[in-house]
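Each chain, written out:
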Amino acid sequence: MTSDTTLNIAILTDWINRYANQISDNKAYLTELDAAIGDADHGINMQHGFEAVQQRLPGFAGEPMSVFFKNIGMTLLSKVGGASGPLYGTLFLRMGMASADKSTLTPTEFAEALAAGVEGIRQRGSARPGDKTMVDALTPAVLALHQALDNGATLCEALQAAAAAGEAGMKATISMQAYKGRASYLGPRSIGHQDPGATSAYLLIKSAAESFCPAEQATS
Ligand code: ADP
Ligand code: MG
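Residues numbered from 1 in each chain as written. Chains lettered and ligands numbered in written order. Predicted model: local features only at pLDDT ≥ 70, side-chain atom pairs only at ≥ 80, totals over all residues. Heavy atoms only, no water.

Peer 1: What is the right way to read the packing of aromatic side chains from this model?
Peer 2: Two aromatic rings are characterised by how far apart their centres lie and by the angle between their planes. Under the criterion given, the structure shown has nine aromatic pairs. Residues tryptophan 15 and phenylalanine 92 carry aromatic rings whose centres are separated by 6.3 Å and whose planes lie at 45° to one another, so their mutual orientation is tilted. Placement of the pair is tryptophan 15 in helix α1 (residues 9–25) and phenylalanine 92 in helix α5 (residues 84–99), with a sequence separation of 77 residues. As far as burial versus exposure is concerned, tryptophan 15 and phenylalanine 92 are alike and both buried. Here the aromatic rings of tryptophan 15 and phenylalanine 110 are separated by 5.5 Å at their centres, their planes lie at 80°, and the arrangement is edge-to-face. Linking tryptophan 15 in helix α1 with phenylalanine 110 in helix α6 (residues 107–125), this pair joins segments that are 95 residues apart in sequence. Overall, tryptophan 15 belongs to the buried group, its relative accessible area being 1%. In this structure phenylalanine 110 comes out as buried when scored by relative accessible area, which is 1%. (Phe/Tyr/Trp six-rings, centres within 6.5 Å; stacked < 30°, edge-to-face > 60°. Helix = DSSP H or I, 4+ residues; strand = E, 2+ residues; numbered from the N terminus. Buried < 20%, exposed > 50% of the residue type's maximum accessible area, 1.4 Å probe, protein only.)

Put into C-alpha cells, the structure is as follows:
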C-alpha cells in the first residue's frame, strides 16, 4: 500500500468537526481529570473553544490550508481560557504556517505540519517529555506518524499507529509527576492521575485517524 491519500479542506473539516464532537462528548470526563490535579475547567475550556471553531468551519471551503488552520488557531486563542487555549492555538497557527497557500496536503506534508504544531506547543509552554502535559501524548504520536509513513504505511495506518502511541503516552502520564502547569503545584501528589491535556491531545490524534481512514479500514 502506498501513502497516496491527499488531504483537502473537506477532510480536514471532518477531522475538526469530529474532534469538536468528541470534546463535547468528553467535556465532563476532561473536567473530572482536571478536578483531580488542576482547577476543573479543561473540558469546559476546550468545549467552549471548539464550539466556536465548529461554528466557523463551514466558511473555509475553497480557502488555502493556511487560512483554515490559522482561523482555528486564532479562534482558540481568543475563546479558550486557561493554559490550553494558547497551546492548542499555537498548534494550529503553526500548522497554518507549515502548510502555507497549499489547497491540499500529502500525508507527509500533513505529518510535517503536525510536527511543526507540536514543536510550537513545546516552545510556547517549554514543557519537555515527562513533564506530564499534552506534550507526552503528542510527541510519541508525531514520532509514530513519521516512522510509519517512512516505512510505507498509508496515512490511515500511520494515524492508527500515531493514535496508539498517543494513547500509550497519555496513559504514561498517570505515573508522572507534573513539572508544568497547575498540576505542578501539587508536586508528588500529582502522581497517580492522568493528565487532562494529554487526554484531549490523544483525542485529537484519534479523531484524525477516524476521519482520514476510509470507512472500511476504520475499525481494522
Ligand atoms: P489551566 O491549567 O490554565 O486551567 P486547562 O485546564 O485548560 O488550563 O489545561 C490544562 C492542561 O494544559 C494540562 O493538563 C496540560 O496538559 C496542559 N499544560 C499546562 N501547562 C502546559 C505547558 N507549559 N506546556 C504544555 N502543556 C501544558
Ligand atoms: Mg484547568
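Peer 1: Quick question: what am I supposed to make of the pattern of salt bridges here?
Peer 2: Two side chains carrying opposite charge are able to pair once their charged atoms lie near each other. Summed over the entire model, instances satisfying the criterion amount to six salt bridges. Between glutamate 167 and lysine 171 there is a salt bridge whose closest N-O contact spans 3.5 Å. With a gap of four residues between them, glutamate 167 and lysine 171 both fall in helix α8 (residues 155–172), about one helical turn apart. Glutamate 167 sits in the partly exposed class, given a relative accessible area of 28%. On the basis of relative accessible area, lysine 171 is assigned to the partly exposed category, the value being 47%. Several salt bridges share partner residues, and in doing so they unite Asp14, Arg18, Lys206 and Glu210 into one network. (Salt bridge = Lys/Arg side-chain N within 4 Å of Asp/Glu carboxyl O.)

Peer 1: How should the side chain of threonine 75 be read in this particular structure?
Peer 2: Turning to its location among the elements, threonine 75 is positioned in helix α4 (residues 65–79). The exposure class assigned to threonine 75 is buried, which follows from its relative accessible area of 1%. Looking at threonine 75, its side chain comes within polar contact range of the side chain of arginine 56, at 2.9 Å. Once residues lying within four places of it in the same chain are set aside, the contact partners of threonine 75 are Gly49, Ala52, Val53 and Arg56. (Polar contact = N/O pair within 3.5 Å; in protein donor to acceptor, adjacent residues only side chain to side chain. Contact = heavy atoms within 4.5 Å.)

Peer 1: For this particular structure, what's the right way to read the site of ligand 1?
Peer 2: Taken together, 20 residues surround ligand 1, and among them Asn45, Ala83, Ser84, Gly125 and Asp195 come closest. Taking arginine 182, its side chain carries an N or O atom lying 3.1 Å from an oxygen atom of ligand 1. Mapped by element, the contributors of at least two residues to the shell around ligand 1 are α3 (42–56), α5 and α9 (196–212). Among the elements that line the shell around ligand 1, the one with the most residues is α9, at three residues. Looking at the shell around ligand 1 residue by residue, the classes come out as six nonpolar, eight polar and six charged. (Near = heavy atom within 4 Å. Nonpolar A, V, L, I, M, F, W, Y, C, P; charged D, E, K, R; others polar.)

Peer 1: What exactly am I supposed to notice about helix α2 (residues 27–37) here?
Peer 2: Structural remark: α-helix, 3.6 residues per turn; residues separated by three or four positions point the same way. Inspection of α2 places Leu30, Thr31, Leu33, Asp34 and Ile37 among the buried residues, and these make up the whole buried set. Taken around the axis of α2, the buried residues stretch over an arc of 155°, which confines them to a single face. For α2, the exposed residues set more than 90 degrees away from the buried face come down to Ala28 and Glu32. Buried residues belonging to α2 abut α1, α3 and α9. (Arc of directions from axis to C-beta.)

Peer 1: Explain the nonpolar core to me, please; I cannot follow it from the model alone.
Peer 2: As a rule of thumb, soluble globular proteins bury nonpolar side chains together. Formed by 58 residues in total, the largest nonpolar core has its most connected members in Trp15, Phe92 and Phe110. Every element with two or more residues in this core is listed here: α1, α3, α4, α5, α6, α7 (135–150), α8 and α9. (Core = buried A, V, L, I, M, F, W, Y, C linked by side-chain atoms within 4.5 Å.)

Peer 1: So what exactly am I meant to see when it comes to α1 here?
Peer 2: Over its 17 residues, α1 extends 24 Å from the first C-alpha to the last, a length consistent with the 24 Å expected when each residue adds 1.5 Å. Taken residue by residue, α1 has Ile9, Leu12, Thr13, Trp15, Ile16, Tyr19, Ala20, Gln22 and Ile23 as its buried positions. Its side-chain oxygen 3.2 Å from the backbone nitrogen of alanine 10, asparagine 8 forms the N-cap of α1. (Expected span 1.5 Å × (residues − 1).)

These figures capture arrangement, not role.
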